[in-house]
Protein chains: 4
Amino acid sequence: MSNSIGRIFRLTTFGESHGAAIGGIVEGCPAGVSLDLAEIQLDLDRRKPGQSHLTTQRKESDTVQVLSGVFEDKTTGAPIGFIIPNEDQRSKDYSHIKDTFRPSHADYTFDQKYGHRDYRGGGRSSARETASRVAGGAIARVFLKTLGVSVTAWVERVKDVELPFQHVAYTREQVESNLVRCPDATVAANMQQLIEQARKEGDTLGGAIRCVIEGVSAGWGEPVFGKLHAELAKAMVSINAVKGFEIGSGIAGTKQAGSQQNDAFVQVDGETSTTTNNSGGIQGGISNGQQIHFSVAFKPVATIMKDQQSVDKDGNAVEVKGKGRHDPCVLPRAVAIVEAMAALVLADASLIARTNK
Amino acid sequence: MSNSIGRIFRLTTFGESHGAAIGGIVEGCPAGVSLDLAEIQLDLDRRKPGQSHLTTQRKESDTVQVLSGVFEDKTTGAPIGFIIPNEDQRSKDYSHIKDTFRPSHADYTFDQKYGHRDYRGGGRSSARETASRVAGGAIARVFLKTLGVSVTAWVERVKDVELPFQHVAYTREQVESNLVRCPDATVAANMQQLIEQARKEGDTLGGAIRCVIEGVSAGWGEPVFGKLHAELAKAMVSINAVKGFEIGSGIAGTKQAGSQQNDAFVQVDGETSTTTNNSGGIQGGISNGQQIHFSVAFKPVATIMKDQQSVDKDGNAVEVKGKGRHDPCVLPRAVAIVEAMAALVLADASLIARTNK
Amino acid sequence: MSNSIGRIFRLTTFGESHGAAIGGIVEGCPAGVSLDLAEIQLDLDRRKPGQSHLTTQRKESDTVQVLSGVFEDKTTGAPIGFIIPNEDQRSKDYSHIKDTFRPSHADYTFDQKYGHRDYRGGGRSSARETASRVAGGAIARVFLKTLGVSVTAWVERVKDVELPFQHVAYTREQVESNLVRCPDATVAANMQQLIEQARKEGDTLGGAIRCVIEGVSAGWGEPVFGKLHAELAKAMVSINAVKGFEIGSGIAGTKQAGSQQNDAFVQVDGETSTTTNNSGGIQGGISNGQQIHFSVAFKPVATIMKDQQSVDKDGNAVEVKGKGRHDPCVLPRAVAIVEAMAALVLADASLIARTNK
Amino acid sequence: MSNSIGRIFRLTTFGESHGAAIGGIVEGCPAGVSLDLAEIQLDLDRRKPGQSHLTTQRKESDTVQVLSGVFEDKTTGAPIGFIIPNEDQRSKDYSHIKDTFRPSHADYTFDQKYGHRDYRGGGRSSARETASRVAGGAIARVFLKTLGVSVTAWVERVKDVELPFQHVAYTREQVESNLVRCPDATVAANMQQLIEQARKEGDTLGGAIRCVIEGVSAGWGEPVFGKLHAELAKAMVSINAVKGFEIGSGIAGTKQAGSQQNDAFVQVDGETSTTTNNSGGIQGGISNGQQIHFSVAFKPVATIMKDQQSVDKDGNAVEVKGKGRHDPCVLPRAVAIVEAMAALVLADASLIARTNK
């Protein structure tokens, strides 16, 4: 079931980098939700390659086709099957790595696990798979909108250039106002400079994405193993290249005393609220009605334009040549993926919460 | 299913802080594993309250009783049911919070989610529940030992006093050599001083625990949503008070360039190995045969011995009095919990890996 | 997960015939349900051995202890852990079958599957495990009652003596009015005679139980693989000794033409109803608001008081002696088990139905 | 998860009768299995409409396209995504039932459950969905073949014309030797006559399919809720129009005494075997190495060419006209579906059995 996420609102994906198509099935979306294909496509466009000079130049239109589950533009409760045809496959680009393990890729581990693998473009381990997540997440987002819930992410750090979190949620317009998807123009410019420099050097950069979810009522998420932030952690860490997850005040907050970290309850306009939100909107694994926010750290992508030492299947030392098309920094494209995964987790939590009392 | 973790090797827990007993069921442990009750008890003793002056003085012997699944000291493949009676329950201690929400506890969110809740000691949200995790994890650990896998965790940071990770695995003896469970005597002494200071002030401290897993062969863990480090992330973040998870080089590594982060493959003694281990032993979600290591950050526990502002059920401002027994720093006790959760995830991954080819 | 049933409202059981206790965990029961322990005990008493001369004389009080999930007599939404201590264990009775496979028992298959098994009383394969089902099912039944749903089963056939189904639901009082639990006194007397005869001969008899569920609103159950009657089929066939499952008009109905079988829709008192109910209250896997009814066929239990030919672990021919305590006919006790399993399936379906639109 | 079946080897399907395509995802098929697309197509051809005058004349080529999970004609362990385009959609045929509930179809229950539904051809409730089952099952069958396991089903009864089960497994050639898929020519001729008569009368007939599985080693299937025959029961009863499931000697066997039903163990050629096989190859939910056999009863399909009384959405009495294309008897086509579902259950059980000891 490692190709699925969610218990009731559930996405299952399939597809490799160089097959005919990738795709997935969304189950559990309630019936009667108005689903505009353009909304799904919009999210896919934000993730797709080739969207700017900061990303890989591989060209994929990433056009989604919905095959089921929608009738007269509304969901029917039936599973929503969709495919995204692969277009710009240059399988020959990968013949040189057929028997060679690229450093910090999954070539070696897939080989050990399965024996037989589709080496082209990383096969199932390719980040191309995340397009299916974005399509599924877009459906979740549309459903969440009917509940008044919004999900917004942005690039908060590239390497060590950072936009400190201010407990505000930026608008999508602000996020989309530049190529980096960092809502502060000055910081974004510095980030862009770093990325362009890395591209020039054939190197890659990592960073972090902040995600804010607003409009979640108190009571979503489950105690013990199914805590809402535990589900978010799994969803985020399952994204290619993710190395760290922090909820609320995160690791910085663990350097404070309890008396500093605790979020005092207070009554505001007849609603129970908190004076601070170090908890990130989740207490005991359950949403408390405040803004949910967390940060996801991405390593620099493993494909670099520099030659690297490695071994082949037979254990011989080989040199992996730096060539092909790649992303110098995956963060700007990953914003859509983080949002998609968050939307999937929240949609599921919202449905399970209907069964609690 | 939020009370369960694992697909094949699975733990399901029950129990509240002030009920008759807590307990759980371990399913999927292969038959024929020699199971010595003393090994389970040993782990429980490392987690139990009252073990030193650095922990809460609540007294629980935490004696586990195995009710099924073991015959003639060996597992039978049947589910292993166990209970841990609750002993030192002072329910009256909690009557004052019946209608009051303690800051950064789960009182408010449980109330919103369920309407009716067992407020005594936090009920199901109490960290007492983690004793069942430790019992279940101890069984997983015994099983993993038959595969040559060991799991060792230690306190790597209290507040801002830190033992930098050196890519070695300490022995349990080293970890157990002091009350803090930090294997470096000097650093441990500094940590202890911090904790004693916090206790004196009625305050609490957080920090981080490093966990190292050795002996895992290449090929455990699943692609896409079931990545091994995604499962670890969920397991760790589901522990009470956890705010962050980092795999391998973690967030620090995301500030490096790809050319610095990539782990070059190299042949050592006829085995494919890596020169560095920034990946933390997992690539593409699958173990690569190297040491698996990750760090888990804990916030200071929410129960402090200071008065705090809050609201009650009716929205009235109230003062939560700081009283009762509490842990000034949960890290030393949480070492056993982190190990237990890691063992559960790995045991499950090992069994699923049997089905891959 | 073979020890669990249900997706949201879920029972997980543990325990062997001769361990310290059997028990289970009920997850997903909504909070706020008034739970009277006596109601659970009542169902257990209907299943327990030794209740009359028609059943095994093994004595078990089958006293259930609820350990969690209930506070001030109401469910809290937390998992409900319970145990039922084993009392009348005569382990010596089974030493003779340590290395011998009893015909049509699970001794051989457990041995092949697990290598190491608890042979005493059949261990995990013993029908004693069904006591945990009855306890869990009783909780489901209490929850269903809050929704206006009732579950009633009775013995409709012993060997070839049958009470034809009349599309009425008998009351529990009618069912409990005789030892056989067949609501027609005359038919019950004939059944009782058959059973007493079988007991005298050291033989055993099978038969069938009819179950009727009333008060289910239209819309429970899920399409495709999760059809309501498919879940019922699995639940029923998972009961020890069950050989067949029929929904609605069952196999007899498959000998009719479509024009005879179809249930015409009709409007009655402003409600859409059907003129006949061959569908058994389920169409396309989803309840239609009519009475749900099905039949479950049980083989004669495998333990007979006659000597039988078999082999031992080494393949030597051996004679299995007919001795010990046994049920000449399990049907009267199984009524409570069928009801329990039905209640579990329905409780789960009711909660999932909350997420459909 | 009602669109999925299986825990490790798992099929998830999507698609409606009149959407662009139906399809599914097969997860958990081990890597390295040689997969010939023609084998999948062969099974689809046995299920497809229009294959003879005994079936509906709706024309669908049912051409499967595999989109992922197979590389150089071998499985990679990645999910196998596939689609089957819908071709012969005459949506206008269904406009008359937009607001009308056809007797014993799922129109009413889907309407009640989801509010908004795709009424064309029954939408998700259409038996067209079973084509995805057959495609997924064909993959399972290919995998099982590598383990020496074969699955063969045939029509054993149409209405009351029956081929008594002789505990032999017919070959596929024998089954395919006539249009009815009953391996006895004389009985098949009688069945064919019944079906032709029903077609002429605009009526429909039901019956039963027997399925035999050979080559399963002892130890597959899980105790308690996951019994192998319980999983088979769920899989079979989930097929459209199924009303009953019988394992082994089935309901007839429940009319015998225990001394007649028990299968004596005996040693044959150094292997433990049984003298009879009333158990149907499964004891205590676990395979015993004997032939697995069971019977599945199908009601006559609900679509008849006769006018029927019903109601519409507003509760008005209406007449449902008998028109369109339909199957007078679905049994010959359902043979492939029964085999597919059996193969899926067995493939899953075989993989889980790898984790037992």
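What counts, and where the lines are drawn
- Residues numbered from 1 in each chain as written.
- Chains lettered and ligands numbered in written order.
- Predicted model: local features only at pLDDT ≥ 70, side-chain atom pairs only at ≥ 80, totals over all residues.
- Heavy atoms only, no water.
- Helix = DSSP H or I, 4+ residues; strand = E, 2+ residues; numbered from the N terminus.
- Rg over C-alpha atoms; globule rule 2.2 N^0.38 Å.
- Buried < 20%, exposed > 50% of the residue type's maximum accessible area, 1.4 Å probe, protein only.
- Contact = heavy atoms within 4.5 Å.
- Areas by Shrake-Rupley, 256 points an atom, 1.4 Å probe, with all protein chains shown as cover.
- Lys, Arg positive; Asp, Glu negative; His and termini not counted.
- Charge placed at Lys NZ, Arg CZ, Asp CG, Glu CD.
- Pairing = 2+ DSSP bridges.
- Axes fitted to C-alpha atoms, helices over the stretch in contact; angles between N-to-C directions.
- Buried area = accessible area lost by both parts, 1.4 Å probe.
- Salt bridge = Lys/Arg side-chain N within 4 Å of Asp/Glu carboxyl O.
- Nonpolar A, V, L, I, M, F, W, Y, C, P; charged D, E, K, R; others polar.
- Core = buried A, V, L, I, M, F, W, Y, C linked by side-chain atoms within 4.5 Å.
- Least-squares fit on C-alpha atoms with pLDDT ≥ 70 in both.
- Phe/Tyr/Trp six-rings, centres within 6.5 Å; stacked < 30°, edge-to-face > 60°.
- Disulfide = S-S within 2.5 Å.
- Left-handed = near helix turned anticlockwise from the far one by under 90°.

1. Some points on the overall build of chain A
Reasoning step 1: Check the secondary structure of chain A and you find nine helices and 18 strands.
Reasoning step 2: For 357 residues, the compact-globule estimate of 2.2 N^0.38 gives 21 Å, and chain A sits close to it at 21 Å.
Reasoning step 3: In terms of overall dimensions, chain A has a C-alpha envelope of 65 × 50 × 35 Å along the principal axes.
Reasoning step 4: Per-residue burial over chain A gives 70% buried out of 357 residues.
Reasoning step 5: At a minimum sequence separation of 6, the contacts of chain A that also span at least 24 residues come to 71%.
Reasoning step 6: Roughly 10,700 Å² of accessible area belongs to chain A as shown, and the carbon and sulfur atoms make up 47% of that amount.
Reasoning step 7: Counting 40 positive and 41 negative side-chain charges, chain A places the centres of these two groups 4 Å from one another.

2. Side note on the sheet that holds strand S11 (residues 242–247) of chain B
Reasoning step 1: Here ten strands make up an open sheet; going across it, the order is S9(A)-S8(A)-S10(A)-S16(A)-S11(A)-S11(B)-S16(B)-S10(B)-S8(B)-S9(B) and the pairing antiparallel. Because the sheet does not close on itself, it has two edges, and the strands there are strand S9 (161–162) of chain A together with strand S9 (161–162) of chain B.
Reasoning step 2: One ladder, built from eight bridges, connects strand S8 (residues 150–158) of chain A with strand S10 (residues 207–214) of chain A; its direction is antiparallel. Counted as the bridge partner of Thr152 of chain A is Val212 of chain A from S10 of chain A.
Reasoning step 3: Against the sheet, helix H9 (residues 331–352) of chain B engages strand S8 (150–158), strand S10 (207–214) and strand S16 (292–298) of chain B, with an angle of about 145 degrees to S8 of chain B.

3. Section: the interface of chain B and chain A
Reasoning step 1: Contacts between the two partners involve 98 residues from chain B and, on the opposite side, 98 residues from chain A.
Reasoning step 2: Buried surface at the junction of chain B and chain A, summed over both partners, amounts to about 7,700 Å²; 60% is from carbon and sulfur atoms.
Reasoning step 3: On inspection of chain B and its partner chain A, the count reaches two salt bridges.
Reasoning step 4: Across the salt bridge formed by Lys234 of chain B and Glu231 of chain A, the nearest N and O atoms sit 3.2 Å from each other.
Reasoning step 5: In terms of residue class, the side of chain B that touches chain A is built from 36 nonpolar, 42 polar and 20 charged.

4. Points about the nonpolar core
Reasoning step 1: Ranked by internal contacts, the top residues of the largest apolar core, which has 357 residues, are Phe294 and Phe298 of chain A, Phe294 of chain B, Phe294 and Phe298 of chain C together with Phe294 and Phe298 of chain D.
Reasoning step 2: Excluding its chain neighbours within four sequence positions, the residues that come into contact with Phe294 of chain D are Ile209, Arg210, Cys211, Ile213, Leu232, Met236, Phe245, Glu246, Ile247, Gly248, Val338 and Ala342 of chain D.

5. Digging into the relation of the copies chain B and chain A
Reasoning step 1: When chain B is fitted to chain A, the best match, at an RMSD of 0.0 Å, comes from turning it 180 degrees and sliding it 0.0 Å along the axis. Expressed as a symmetry operation, the mapping of one chain copy onto the other fits a two-fold axis.
Reasoning step 2: A shared interface surface links the copies, since 100% of the contact residues of chain B are contact residues in chain A too.

6. Digging into the packing of aromatic side chains
Reasoning step 1: Counted under the stated rule, the structure contains 36 aromatic pairs over all chains.
Reasoning step 2: Geometrically, the ring pair formed by Phe265 of chain A and Phe101 of chain B is edge-to-face, given 6.1 Å between the ring centres and 65 degrees between the ring planes. You can see Phe265 of chain A sitting in strand S12 (residues 265–268) and its partner Phe101 of chain B sitting in the loop between strand S7 (80–85) and helix H2 (107–114), one on each of two chains.
Reasoning step 3: Taking the relative accessible area as the measure of exposure, Phe265 of chain A reaches 3% and is therefore buried.
Reasoning step 4: Here the aromatic residues Phe101 and Tyr108 of chain A together with Phe265 of chain B are joined through ring pairs into a cluster of three or more.

7. Re the state of the cysteines
Put plainly, two cysteines are in a disulfide when a covalent bond ties their sulfur atoms together.
Reasoning step 1: Inspection of the entire model under this criterion finds zero disulfides over all chains.
Reasoning step 2: In this structure Cys329 of chain C is not part of a disulfide, and its nearest cysteine sulfur, from Cys182 of chain C, lies 11 Å away.

8. Topic: the sheet that holds strand S2 (residues 10–14) of chain B
All names here are of chain B.
Reasoning step 1: With respect to topology, five strands assemble into an open sheet ordered S1-S2-S3-S7-S4, the strand pairing being antiparallel. Looking at the sheet topology across the chains shown, the edges are occupied by strand S1 (4–5) and strand S4 (65–66).
Reasoning step 2: Examined bridge by bridge, strand S3 (residues 21–27) and S7 share six bridges and lie antiparallel to one another. Each bridged residue has a counterpart across the sheet, and for Gly24 the counterpart in S7 is Phe82.
Reasoning step 3: Set on the sheet, helix H3 (residues 130–145) makes contact with S2, S3 and S7; between it and S7 the angle comes to about 140 degrees.

9. Here we look at the relation of the copies chain C and chain B
Reasoning step 1: By a simple turn and slide, chain C fits onto chain B: the slide is 0.0 Å along the axis, the RMSD is 0.0 Å, and the turn is 180 degrees.
Reasoning step 2: In this assembly the copies share their binding face: 100% of the residues contributing to the interface of chain C also contribute to that of chain B.

10. Describing the pattern of salt bridges
Reasoning step 1: Evaluated as defined, the whole model comprises 108 salt bridges over all chains.
Reasoning step 2: With its nearest N and O atoms 3.3 Å apart, the salt bridge here joins Arg47 of chain B to Asp62 of chain B. Taken together, the residues Arg47 of chain B in helix H1 (residues 37–47) and Asp62 of chain B in the loop between H1 and S4 connect sequence positions 15 residues apart. Of the two residues, Arg47 of chain B and Asp62 of chain B, neither departs from the other in class, the shared state being buried.
Reasoning step 3: Residues joined in a network through salt bridges with shared partners are Asp43, Arg46, Arg141, Arg172, Glu176, Arg181 and Glu339 of chain A.

11. Observations concerning the packing of helix H6 (residues 228–237) of chain D against helix H9 (residues 331–352) of chain D
Residues and elements named next belong to chain D.
Reasoning step 1: Relative orientation of the contacting elements H6 and H9 amounts to 145 degrees, with a least axis distance of 9 Å. Of the two elements, H6 crosses H9, and the hand of that crossing is right-handed. In this structure, H6 contributes Leu228, Glu231, Leu232, Ala235 and Met236 to the contact, and H9 contributes Val338, Met341, Ala342, Val345, Leu346 and Ala349.

12. Section: the pairing of strand S17 (residues 308–311) of chain A
Note on strand geometry: in a regular strand, side chains alternate between the two faces of the sheet.
Reasoning step 1: Two elements, S17 of chain A and strand S18 (residues 317–320) of chain A, share four bridges in a ladder whose sense is antiparallel. Within the sheet, the bridge partner assigned to Gln308 of chain A lies in S18 of chain A and is Val320 of chain A.

13. Some details on the interface of chain C and chain B
Reasoning step 1: Counting residues at the interface gives 39 residues for chain C and 39 residues for chain B.
Reasoning step 2: Around 3,100 Å² of area is buried between chain C and chain B when both sides are counted, 64% of it from carbon and sulfur atoms.
Reasoning step 3: When the area that chain C buries against chain B is broken down by residue, the three leading residues are Leu67, Phe71 and His116 of chain C, summing to 22%.
Reasoning step 4: The tally of links from chain C across to chain B stands at zero salt bridges.

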